[in-house]
Structure formats: structure tokens, C-alpha cells
Amino acid sequence: MTFDKVYQYNFPTTIRFGAGAIKELPAYLQQNNLEAPLIVTDPNIAQLPFFKSIIRELEHKNISAEVFQELHKNPVKSDVYKGTEVWDNTTRDCIIGIGGGAALDVARAIALRINHREDLFKYDDLVGGDIFVTNEVPPFITVPTTAGTGSEVGRSAIISDDETHQKKILFSPKLLAKIVFADPELTMDLPPFITAATGMDALTHNMEAFLAKNPHPICDGIALEGISLIKDSLEIATKRPDLQSRSKMLIASIMGAIAFQKGLGVVHSLAHPLSSLLDTHHGLANAVNIPYGMQFNIAGFEDKFRRIARTLELKEETGEAVVNYLFDLNARLNIPHRLRDIQVKEEHLDTLADLAFADFAHPNNPKPVSRDDFKTLYTTAL
Ligand SMILES: NC(=O)c1ccc[n+]([C@@H]2O[C@H](COP(=O)([O-])OP(=O)(O)OC[C@H]3O[C@@H](n4cnc5c(N)ncnc54)[C@H](O)[C@@H]3O)[C@@H](O)[C@H]2O)c1
Ligand SMILES: [Fe+2]
């Protein structure tokens, strides 16, 4: 690690964390004179008992929520526009995102759109659009219901173009939640597949953040502890969940997202095109690709892999041992080893390699990744 300029490190979000934290939501709204939230969730979560119970608790305090739930699995711009119409047509005073990364990203993008009415992608961070995020956003609160993306503590929303399916990033420090209610009880009934896939996303965040090239020892420490918590809890949370394993996974996913303000890497760039092109779940796409991406990164970074191996308490403190651990973990979680098992075909590989090379995540990878490297990685993983 070399320090060679002035860096900025930010850790400002208030997180209420622990079983029962969600019960504090109505009182928080009352204390802040908020009585008409727009709740953004997905159609599946809107049917779950815990969601109905949150609405009931709000009603008991005379807080009447308007629920917007029309969003895609990999959210698109029109989802954000529809949600903004609900805000416009009703009198709302705050936005609460309740859900996994998809719902939280749409909630955040709606919060942005309320006071920024140019085309949504004018604010795309990749083309410098963050400078146009100049107005305030309404009070924004997040409630995670998966333990994966950590979007609840993020300051970006990933939204795809309806036609091209290209992922855009809306980014601004103004998009941070005012407060996060992170209650592991809400994740107790996550099905095993979603637990495993979202948990592997959290592991990928922590590992890629630790390896990312910018010097950031604060994030490095958080990332290693996140990896350790996931080692201890992901398999239990998937197979026989209890409150402790759910709690560890939820805090580890938050830590992953805090750590990846340092940057991500090759695995996320391999994963993003699978979601854009084939609608693959984000966590699953990372899970299948992470062993291959980590293998690619070992040479030249043996010391960093030694620290990951030590954190995972592996017998051999090498990058290869880390890669083997990842293959084994995927096997234990019933996640396939091969891209062909998740609907990828040989004819997709060129397009995937083009999209991966254009992706925003790999410039922070510890070593450069060329378009040919992406093609080789996909071919190896097929
Ligand atoms: N903003 C960021 O920093 C960031 C980072 C990574 C990924 N993302 C985005 O996040 C999205 C993926 O998020 P995700 O992995 O959380 O998945 P998700 O939000 O798509 O949720 C996965 C599934 O789990 C269900 N679900 C959620 N909570 C549940 C619960 N408590 N019980 C039962 N079912 C539940 C949902 O209805 C959905 O069907 C992608 O759109 C991705 O682009 C954002
Ligand atoms: Fe991710």
C-alpha cells in the first residue's frame, strides 16, 4: 500500500442494528414529524407477513403509507418514473425503501428524481452526472430484507436502461439514507437460494474491496472482518438459519458495502453483464464468477491473498487455497461451478466480454483487465 495523495474517507450513516430494530421506525418518523411515507418495495415482499406488520404498526401511530411495488428484478428507468408518479399524485413527505438491493435502489433513485427532473440518466455517475445532483432529496430511510448488496448504506443506485439493459449508476453523497433500520429478524425466512446468492454477493464485496487498488486501511480492516463473519455464518444461515447467523450475515453485508467505497473489481464486471443480458440474479452471477476472478488476481498480490487465507483460517495461506475454498463453499451452498449451468452459451461470450470491459467496476481491480482477459475468464468459467 502506498499513500501518494490526499484521500477522502466517509462513514456517516446512522445504523440501528439488531433484532427488533424495525419496531423503532414509527417512533423515529413521529420524532421527525414525518407522517406520510412513500414505501418502495417489491411485489414479493409486499405479500410477506413482516411487511404487512410494518404497515400495521405505522397505521397504529396514524402514519399512512403509500406503497409502490411495481419494479423489475433488475430495476429499470421506467420503474423509477412510475414510483415518482405515485409521489407526485399523493402528498408524501419521505421515502422508505424496504427490501433487497432491487427495492432499495429504486427507492433511492426515486428519492433522487423528486427534485431532479432531467432525464434520469443525465445523473449517471459514469458520465460525470453526479455534478448535476445539486438539490436536496426528501428524507430517505432504508430497511434491508436481504443480507447481500448492502445497498441500505450505499450512496448509489444501479438502474438499467429499459431497452439496452445497460446498467447505469446514480451516485451522490446526498443519496445516503438518513437512518438504516437493519433488523436480522426480517431476513429469517429468506429462502436458501436467496440467502446463498446474496451472501456470496456480500463475500464478493468484502474480498474485492480488500483487493481494490486504492489505499484505504479503514476499509481493508472492515473487509477482512466482514470475510471472517461470512466464513462463520453463511453456510449456517443458508442451511439452518438462526438469529445469530442471520445477524452476522446482515452486518457483514453492510460492512461489504461500506468497504467497497474503496472500489470493486473484476468479479463484479464479470457479473454485471450476466444480469443485463440474461437477467441473472446479481448475487448468483458473482458467486459463479468469484473463484475464476480471484484466480486471475493472485499473481502479484500473493501477500493480500495470504491475509485473506489467514482470515478464512485455511491450512495453506495461499491464493490457490482461497480459490479452492470458494469452489467448495459454492458447492456446499448448491451454487453451480459453471456458467453453462446458469444459461450462458458460447455465443454469448463475445457480447459478455464487450459489456464486462465497458463495466465500471474493474478499473479499481488490483491489476488491469483487458477485453481479452474477460473473454478468457468467461471461456474458462463456461
Ligand atoms: N446499490 C448498490 O450498491 C448495489 C450493490 C450491489 C447490487 N445492487 C443491486 O441490488 C439488486 C440485487 O439485490 P438483492 O441481491 O438484495 O436481491 P433482490 O432485491 O432482487 O431480492 C431477491 C429476492 O428475494 C426476495 N426477498 C427479499 N427479501 C426477502 C425476505 N426477507 N424474505 C423472503 N424473500 C425476500 C425478493 O422479493 C426477491 O425476489 C440488483 O438490482 C443489483 O444491481 C446494488
Ligand atoms: Fe454486488
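Quick look at the structure, then.

Parameters at a glance
Residues numbered from 1 in each chain as written. Chains lettered and ligands numbered in written order. Predicted model: local features only at pLDDT ≥ 70, side-chain atom pairs only at ≥ 80, totals over all residues. Heavy atoms only, no water. Helix = DSSP H or I, 4+ residues; strand = E, 2+ residues; numbered from the N terminus. Polar contact = N/O pair within 3.5 Å; in protein donor to acceptor, adjacent residues only side chain to side chain. Contact = heavy atoms within 4.5 Å. Donors = N, O, S within 2.8 Å, 3.2 Å for Na, K, Ca; no water. Buried < 20%, exposed > 50% of the residue type's maximum accessible area, 1.4 Å probe, protein only. Near = heavy atom within 4 Å. Areas by Shrake-Rupley, 256 points an atom, 1.4 Å probe, with all protein chains shown as cover. 1 Å grid on protein atoms, 1.4 Å probe; cavity = no way out; pocket = protein on both sides within 12 Å on 5 of 7 lines; lining within 4 Å. Points joined across faces, edges and corners; volume = space filled by probe spheres on them. Nonpolar A, V, L, I, M, F, W, Y, C, P; charged D, E, K, R; others polar. Pairing = 2+ DSSP bridges. Axes fitted to C-alpha atoms, helices over the stretch in contact; angles between N-to-C directions. Salt bridge = Lys/Arg side-chain N within 4 Å of Asp/Glu carboxyl O.

1. Section: the side chain of Asp183
Along the chain, Asp183 turns up in the loop between strand 8 (179–182) and helix 5 (192–211). Within the local environment of Asp183, its side chain forms a polar contact with the backbone nitrogen of Ala21, the two atoms lying 3.1 Å apart. The residues contacting Asp183, other than those within four sequence positions of it, are Gly18, Ala19, Gly20, Ala21, Ile22 and Leu250.

2. Considerations on the coordination of the iron ion (ligand 2)
Within the protein, Asp201 (OD), His205 (NE2), His268 (NE2) and His282 (NE2) serve as the donor atoms for the iron ion (ligand 2), at 2.1 to 2.2 Å. Mapped onto the polypeptide sequence, the residues donating to the iron ion (ligand 2) form the spacing pattern D-x3-H-x62-H-x13-H. Taken as a pair, His268 in helix 8 (residues 266–278) and His282 in helix 9 (residues 282–298) lie far apart in primary sequence, 14 residues in all. Neither residue differs from the other here; His268 and His282 are each classed as buried.

3. Remarks on the site of ligand 1
Asp42, Asn44, Gly101, Thr145 and Thr146 are the nearest of the 27 residues found near ligand 1. In this structure, Ala102 approaches ligand 1 through a main-chain N or O atom, which is 3.1 Å from an oxygen atom. Thr145 places a polar side-chain atom, nitrogen or oxygen, 2.7 Å from a nitrogen atom of ligand 1. Across the complex, the protein chains shield 92% of the 870 Å² of accessible surface that ligand 1 would expose by itself. Breaking the shell around ligand 1 down by element, the ones donating at least two residues are helix 4 (101–114), strand 6 (156–160) and helix 5. It is helix 4 that contributes the most residues to the shell around ligand 1, three residues altogether.

4. Some remarks on empty space enclosed by the protein
If you walk through the whole model with that rule in mind, you get one cavity of 30 Å³ or more. Considered as a void within the structure, the largest cavity measures approximately 40 Å³ in volume. As for the largest cavity, its lining consists of Ala147, Leu190, Thr195, Thr198, Gly199, Arg246 and Met249. When residues of the lining of the largest cavity are traced back to their parent elements, those giving at least two are helix 5 and helix 7 (243–259). Top contributing element to the lining of the largest cavity by residue count: helix 5, with three residues. Looking at the lining of the largest cavity residue by residue, the class counts come to three nonpolar, three polar and one charged.

5. Some details on the sheet that holds strand 1 (residues 14–17)
Here we have six strands laid out as an open sheet, ordered 1-8-5-4-2-3, and parallel in their pairing. Of all strands in the sheet, those bounded by a partner on one side alone are strand 1 and strand 3 (66–68). Neighbour to neighbour, the strand axes of the sheet diverge by 20° on average, direction disregarded. Of the strands in this sheet, strand 2 (37–40), strand 3, strand 4 (94–99) and strand 5 (140–144) touch helix 4, which is tilted by about 165° from strand 4.

6. Here we look at the pattern of salt bridges
Within the structure shown, the criterion is met by 15 salt bridges. Between Arg108 and Asp105 there is a salt bridge, with the nearest N and O atoms lying 3.8 Å from each other. A residue pair is termed a helical-turn pair when its members lie 3 or 4 positions apart in one helix, as Arg108 and Asp105 do in helix 4 at three residues. Residue classification places Asp105 among the buried residues on the basis of a relative accessible area of 10%. With a closest N to O distance of 2.7 Å, Glu235 and Arg332 form a salt bridge. With Glu235 in helix 6 (residues 217–239) and Arg332 in helix 11 (residues 319–332), this pair connects stretches of sequence that are 97 residues apart. Since its relative accessible area comes to 24%, Glu235 is described here as partly exposed.

7. Some words on the pairing of strand 7 (residues 167–171)
Counting buried positions over the five residues of strand 7 gives four, a clear majority of the element. Bridging between strand 6 and strand 7 involves five bridges; their strand directions are antiparallel. For Ala157, the partnering residue across the bridge sits in strand 7 and is Leu170.

8. Considering the environment of Thr311
Tracing the backbone through its elements, the reader meets Thr311 in helix 10 (residues 302–311). Note: C-alpha distance between Thr311 and His272 (39 residues apart in sequence) is 27 Å. With residues up to four places along the chain from it excluded, the contact list for Thr311 reads Leu224, Ile227, Ser228 and Lys231.

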